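One letter stands for each residue in the lines below.
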Amino acid sequence: MSDVLAAWTVAPDSPLRPEVVALLEEHLRDMHATSPAESVHALDPAALAVPGTAFWTARSDEGAVLGCVALQDLGAGHVELKSMRTATAARRRGVGAGLLDRVLAEAEAAGHERISLETGTEPYFAPARTLYRSRGFEECPPFGDYALDPHSVFLTRGLGAG
């Protein structure tokens, strides 16, 4: 897999493309395997293909999907990071950091003031929490339609002038 990761890019994409659907289905399976069903907030491909949600994939120069991320507009300058996933074979190679950096830059360029996310509290999610904190995210109360949940941690950070 290291050859595949020699060169890769992050670009807007559709969550409905078959190879992306496969990655998102893997994501949903892992979420249900690590968290109680009522604590799984990952979206399926159709829910990521709606107005107000932007979606990107990281792909190798050969076209292999290495990861994905989405931004959902919550209104009032606030966006939510959704469905951040690195393909199993591409983990620990910088793909997640590259996706996160791209989406942060895109959110800021679009004029959003705040970005928030929900992730799990289980050890499985520890690398993701470490990555988010390395980019300035801090714990916050539930936002949007979320409620307190012992299996969820909520993180947020300001963007640009916000």
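Only a predicted model underlies this, so the values are computations on that prediction, with no experimental measurement involved.

On to the overall build of the protein. From N to C terminus, the protein includes four helices and seven strands. Along its sequence from the N terminus, the protein presents helices and strands in the succession β-α-α-β-β-β-α-β-α-β-β. Relative to the 2.2 N^0.38 estimate, which gives 15 Å for 162 residues, the radius of gyration of the protein is 15 Å and therefore close to what a compact globule would have. Taking all contacts inside the protein whose residues are at least 6 apart in sequence as the whole, residues at least 24 apart take part in 64%. When the accessible area of the protein is evaluated, it comes to approximately 7900 Å², of which 54% is carbon and sulfur surface. Treating the 14 positive side-chain charges of the protein as one cloud and the 22 negative ones as another, the clouds have centres 5 Å apart.

Over its 15 residues, helix H3 (residues 95-109) extends 21 Å from the first C-alpha to the last, a length consistent with the 21 Å expected when each residue adds 1.5 Å. Burial in H3 covers these residues: Val95, Gly96, Leu99, Leu100, Val103, Leu104 and Ala107. Each buried residue of H3 sits inside an arc of 165 degrees when the element is viewed along its axis, so together they form one side. Phi turns positive, to about 90 degrees, at glycine 111, one or two residues after H3.

Right, let's talk about helix H4 (residues 126-134) for a bit. Buried residues of H4: Arg129, Leu131 and Tyr132, and no others. Viewed end-on, H4 has its buried residues packed into an arc of 160 degrees, placing them on one side of the element. Positive backbone phi, approximately 90 degrees, marks glycine 136, located one or two places after H4.

With that settled, consider the nonpolar core. In terms of nonpolar packing, the biggest core is built from 34 residues, with Leu81, Met84, Leu100, Ile115, Tyr132 and Phe137 touching the most fellow members. Within the residue set of this core, elements represented by two or more residues are helix H1 (18-34), strand S2 (53-60), strand S3 (65-75), strand S4 (78-86), H3, strand S5 (114-120), H4 and strand S7 (152-158). The residues touching methionine 84, leaving out its near neighbours within four places in the chain, are His27, Cys68, Val69, Gly96, Leu99, Leu100, Leu131 and Tyr132.

As a further point, take the confidence of the model for the protein. If pLDDT is low for a region, its predicted coordinates should not be looked at in detail. Per-residue confidence for the protein gives a mean pLDDT of 90, with 91% of residues at or over 70. In the model of the protein, H1 stands out as the element of lowest mean pLDDT, 83, in contrast to strand S6 (residues 138-139), which has the highest, 98.

Moving on, we come to the packing of aromatic side chains. Evaluation of the coordinates by the stated rule reveals five aromatic pairs. For the pair tyrosine 124 and phenylalanine 125, a centre-to-centre distance of 5.2 Å together with 85 degrees between the ring planes defines the contact as edge-to-face. Exposure remark for tyrosine 124: the relative accessible area of 35% places this residue in the partly exposed category. Taken together, a centroid distance of 5.3 Å and an interplanar angle of 55 degrees make the contact between tyrosine 146 and phenylalanine 154 tilted. Taking relative accessible area as the criterion, phenylalanine 154 reaches 4% and is therefore assigned buried. A connected cluster of aromatic rings, assembled from ring pairs, spans Phe143, Tyr146 and Phe154.

Quick look at the pairing of S3 now. In this sheet, S3 lies alongside S2 in antiparallel orientation, the contact comprising seven bridges. Pairing of alanine 58 across the sheet is with glycine 67, part of S3. Between S2 and the antiparallel strand that follows it, S3, lie four residues; glycine 63 among them carries a positive phi value of about 100 degrees. For S3 and S4, the ladder comprises seven bridges, and the chain directions are antiparallel. Each residue of the ladder has a partner; that of glycine 75, found in S4, is histidine 78. The antiparallel hairpin formed by S3 and S4 contains two residues in its connecting segment, where alanine 76 sits at a positive phi of about 55 degrees.

Quick notes on the rules
Residues numbered from 1 in each chain as written. Predicted model: local features only at pLDDT ≥ 70, side-chain atom pairs only at ≥ 80, totals over all residues. Heavy atoms only, no water. Helix = DSSP H or I, 4+ residues; strand = E, 2+ residues; numbered from the N terminus. Rg over C-alpha atoms; globule rule 2.2 N^0.38 Å. Contact = heavy atoms within 4.5 Å. Areas by Shrake-Rupley, 256 points an atom, 1.4 Å probe, with all protein chains shown as cover. Lys, Arg positive; Asp, Glu negative; His and termini not counted. Charge placed at Lys NZ, Arg CZ, Asp CG, Glu CD. Expected span 1.5 Å × (residues − 1). Buried < 20%, exposed > 50% of the residue type's maximum accessible area, 1.4 Å probe, protein only. Arc of directions from axis to C-beta. Core = buried A, V, L, I, M, F, W, Y, C linked by side-chain atoms within 4.5 Å. pLDDT = per-residue confidence, 0-100. Phe/Tyr/Trp six-rings, centres within 6.5 Å; stacked < 30°, edge-to-face > 60°. Pairing = 2+ DSSP bridges.

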